[in-house]
Each structure stands twice: as structure tokens, then as C-alpha cells.
Amino acid sequence: MVSHSGLLTVMERAARKAAPRLRRDFNEVQHLQVSRKGPADFVSMADKRAEETIVEELRKARPDWSILAEEGGEIKGDPDKPRWIVDPLDGTSNFLHGIPHFAISIAVEDPHGSQGKPEITHGLIYQPLTDESFWAEKGRGAWLTDQRLRVSARRDLADSLIATGIPFLGHGNFAQWSRIFGAVAPEVAGIRRLGAASLDLAWVAAGRFDGFWESDLQPWDVAAGYILIKEAGGFVTDFRGQDMAMQRNQFLAANDALHSKLHKLVANALR
Ligand code: IPD
Ligand code: CA
Ligand code: CA
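Source: prediction; values computed, not measured.

Asker: Teacher, can you tell me more about the coordination of the calcium ion (ligand 2) here?
Answerer: By definition of the ideal shapes, four donors in a tetrahedron about a metal sit 109.5 degrees apart, and six donors in an octahedron sit 90 or 180 degrees apart. All of the protein donors around the calcium ion (ligand 2) are D87 (OD), D90 (OD) and D221 (OD); their distances to the metal are 2.0 to 2.3 Å. Between consecutive donor residues of the calcium ion (ligand 2), the sequence gaps follow D-x2-D-x130-D. Between the two metal centres, the calcium ion (ligand 2) and the calcium ion (ligand 3), the spacing is 3.7 Å, with D87 acting as a shared donor. Of the two residues, D87 is situated in strand β3 (residues 83-90) and D221 in helix α6 (residues 219-231); the sequence distance between them amounts to 134 residues.

Here you go:
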């Protein structure tokens, strides 16, 4: 049985504290679909409540750390200490429509990483409905509870299942996404758009998906997943193939062989 560090214990405790209420709210949402307005307000309350619970737990454990959370924005702490990056509910549209695919994502960013630049050092993606806890710690690997994770070993695009996020309602670059889709789809076994970027990334780390691309994400969507894939032996770059995914807000992730093949397709498509 592997045990994770104290920080991950804090992260997992926070996620598990918010999860029961999210599960109850999700069940409630299924009954609200029939009302004309739907459960939108109810879900935004559920989202806020989950964030409050998580933030309260994290602040209790590390009162002087900054927090970047989707709903509450930035809470400034000691700039020399790490900061928490929190998405209390990733996959909101799924949740809203009663689709059981959403997660809580929590990461730690060290402001003075190995090259003196901000660096993600810990990530946790917790799926309340399946009780799956994906976690990674810099230099200590990526794990699903106590099972070590590796990215998939597939080497042929023709065998690979690729996840993506599709731009929507005034969000993202549809023309760019379409060009990439047009180049990748004919070469691979399938494309999936499951609607929770954190889980797309966790599932690449777990070898369930062979690759992923999406742009215009927020730090809370991707911070935990980013370190999960790296620690699972995968590559995460921007669309130019550079180690600038977080900075450029473009994510192309896969194992080494598939990453270089996908990158070629993407580079051609965007030329
Ligand atoms: C969204 C999901 C989705 C991605 C969107 C995100 P939310 O986050 O991660 O997969 O395509 O760009 O905004 O709104 O469900 O937390
Ligand atoms: Ca999100
Ligand atoms: Ca969210």
C-alpha cells in the first residue's frame, strides 16, 4: 500500500469532504430536469458550496498559502509559499444534465519550481461517483488510489482513442479546433468529448485514453492533470510541441510515440 505525502492527504480530505454533498446534489439534479428553467441555479449553488468546503479545508491546513479557485478567484497569501489551484466541479455541463461524469480537481503550484519558475508539484483528481482518486506528486509517480499509473503503450494512431474538448458558446477557437479535428479524426480509432478536462487528463495518465488535445482551458481545469500525465511517463506540450502548455494554454498530451505523431498532424493542420 503506498501512502502519499501530508499535502496529498490534505487535498484528498478536502475533496472527500465536499463529495457527499455533491453526490446528493447530483441526485437532486436528476429530478429537476423537467422544470422549464432546469437546474442551473441549483447547480451553481452546488458548485459554490463544494468550493467553500474545499477552500475551508485547505486554508485550515495551510492558512498562509494563496488559493486560485474557479468560483472565488484568487485569495492572496504569502507569495513565496505554494498556492492551491481548485476546480470544485469540473464537468459542470454534465452535472447539470444529469450525466455522471464530473470531478473535483486540486493542485499545488510551487512559485519557485526547479527552474525558478512556477511549477505544479501535486495533483489530485477525485471522481465522487466512482470514488476514484487519481493523484500525483513530483518525482513520486502517478497513482489511482494505490495502483501505479502509466500512460498507454500504444504506438499506432490507428489503435488510439483520443480525447478532446470542443469549443462552445463563445468559448474557444472553433476554427483551430476544427482544423485539428479534421487532421486527427481520420487517422485514429476514435475521438471522445466527455466534458471534464480534468478527467480527460487523468484518463490519459491511466492509459484509458491514448491522447488528448484542447486549448483555452483555465489553470484549474488542467493543473492536476498536467502533473498526473508527466508522472505517468507522458508528454504534455503546447500545439507547437514545446514545454509551454500551461503558459500558452494549449494541451497536447500522449505517450512519446503518439505525441510525436499527433504533433505532426497538428503542426500540419495549423500551418
Ligand atoms: C469545463 C470542462 C470541459 C472543458 C471546458 C471547461 P467546467 O470546465 O473541463 O471539459 O472543455 O473548457 O470549462 O466549466 O465544467 O468546470
Ligand atoms: Ca473546469
Ligand atoms: Ca468548474
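Asker: Explain helix α2 (residues 40-61) to me, please; I cannot follow it from the model alone.
Answerer: Count 3.6 residues to each turn of an α-helix, and residues three or four apart come out pointing the same way. Its 22 residues give α2 an end-to-end C-alpha distance of 32 Å, which sits within 8% of 32 Å, the value for a rise of 1.5 Å per residue. Turning to α2, its buried residues number three or more, namely V43, A46, D47, A50, E51, I54, V55, E57 and L58. Take α2 and look down its axis: the buried residues cluster within an arc of 160°, on one side only. Away from the buried face of α2 by more than 90 degrees, exposed residues E52, E56 and K60 are located. In this structure, the buried side of α2 is in contact with α1 (6-32), β1 (66-69), β2 (73-75), β3, α3 (92-96) and β4 (103-110).

Asker: So what exactly am I meant to see when it comes to the environment of I99 here?
Answerer: Within the secondary structure, I99 is located in the loop between α3 and β4. Along the chain, I99 and I229 lie 130 residues apart, while their C-alpha atoms are 25 Å from each other.

Asker: What is the right way to read the sheet that holds strand β8 (residues 147-148) from this model?
Answerer: Strands in a sheet are paired, the pairing made by backbone hydrogen bonds, and the direction either parallel or antiparallel. Ordered in space as β2-β1-β3-β4-β5-β6-β7-β8, the eight strands form an open sheet in which the pairing is mixed. Among the strands making up the open sheet, the edge pair consists of β2 and β8. For β1 and β3, the ladder comprises four bridges, and the chain directions are parallel. Residue pairing in the sheet places I67 in a bridge with W84 of β3. Most of the contacts of helix α5 (residues 197-205) go to strand β5 (residues 119-127), to which it runs at about 100°, and overall it touches β3, β4, β5 and β6 (132-137).

Asker: What exactly am I supposed to notice about the packing of aromatic side chains here?
Answerer: What describes a pair of aromatic rings is the distance from one ring centre to the other and the angle between the planes of the rings. What the rule picks out here adds up to nine aromatic pairs. For the pair F95 and F102, a centre-to-centre distance of 4.8 Å together with 70° between the ring planes defines the contact as edge-to-face. Of the two residues, F95 and F102, neither departs from the other in class, the shared state being buried. Taking 5.7 Å as the distance between ring centres and 40° as the angle between the ring planes, the aromatic pair formed by W203 and F209 counts as tilted. In this structure W203 comes out as buried when scored by relative accessible area, which is 16%. Each residue in the set F174, W177, F181 and W213 is aromatic and connected to the rest through ring pairs, giving one cluster. Over the aromatic face of W65 sits the side chain of R62, whose NZ or CZ is 5.6 Å from the ring centroid. Taking the ring centre of W203 as reference, the NZ or CZ of R208 above it sits at 5.0 Å.

Asker: Honestly, the coordination of the calcium ion (ligand 3) in this entry has me stumped. Any pointers?
Answerer: Bound to the calcium ion (ligand 3) are the protein donor atoms E70 (OE), D87 (OD) and L89 (O), situated 2.1 to 2.4 Å from the metal. Donor residues for the calcium ion (ligand 3), ordered by position in the chain, follow E-x16-D-x1-L. Residue classification places E70 among the partly exposed positions, given a relative accessible area of 31%.

Asker: I keep staring at the packing of α1 against α2 and nothing clicks. Help me out?
Answerer: Helix packing geometry: the angle between the two helix axes and the distance between the axes. The geometry of α1 relative to α2 is characterised by a closest axis approach of 9 Å and an angle of 170° between their N-to-C directions. Here α1 lies roughly antiparallel to α2, going by the angle between them. When α1 is examined against α2, the residues V10, M11, R13, A14, K17, A18, R21, L22, D25, E28, V29 and L32 are found in contact with a partner set consisting of F42, V43, A46, R49, A50, T53, I54, E57, L58, K60 and A61. Within the contact of α1 with α2, the residues separate by chemical class into 14 nonpolar, one polar and eight charged.

Asker: Could you clarify how one ought to interpret the nonpolar core in this entry?
Answerer: Taken as a class, soluble globular proteins show a tendency for nonpolar side chains to be buried jointly. Ranked by internal contacts, the top residues of the largest apolar core, which has 37 residues, are I125, F134, F212, L228, I229 and F251. Elements represented by at least two residues in this core include exactly β4, β5, β6, β7 (141-144), α5, α6 and β13 (250-254). Looking at which element gives the most residues to this core, the answer is α6, with eight residues. Counting residues domain by domain, this core receives three or more from each of domain 1 (6-148) and domain 2 (157-269). Residues contacting F212, with those up to four places away along its chain left out, are I162, A163, T164, G165, D200, L201, V204, L217, F251, L252 and A253. If you look at the next biggest cluster of nonpolar residues, it comprises 32 residues, including L8, A46, V108 and Y126.

Definitions and cut-offs
Residues numbered from 1 in each chain as written. Chains lettered and ligands numbered in written order. Predicted model: local features only at pLDDT ≥ 70, side-chain atom pairs only at ≥ 80, totals over all residues. Heavy atoms only, no water. Donors = N, O, S within 2.8 Å, 3.2 Å for Na, K, Ca; no water. Helix = DSSP H or I, 4+ residues; strand = E, 2+ residues; numbered from the N terminus. Expected span 1.5 Å × (residues − 1). Buried < 20%, exposed > 50% of the residue type's maximum accessible area, 1.4 Å probe, protein only. Arc of directions from axis to C-beta. Contact = heavy atoms within 4.5 Å. Pairing = 2+ DSSP bridges. Axes fitted to C-alpha atoms, helices over the stretch in contact; angles between N-to-C directions. Phe/Tyr/Trp six-rings, centres within 6.5 Å; stacked < 30°, edge-to-face > 60°. Lys NZ or Arg CZ within 6 Å of the ring centre and 35° of its normal. Parallel < 35°, antiparallel > 145°, perpendicular 65-115°, else oblique. Nonpolar A, V, L, I, M, F, W, Y, C, P; charged D, E, K, R; others polar. Core = buried A, V, L, I, M, F, W, Y, C linked by side-chain atoms within 4.5 Å. Domains from an automatic or database assignment.

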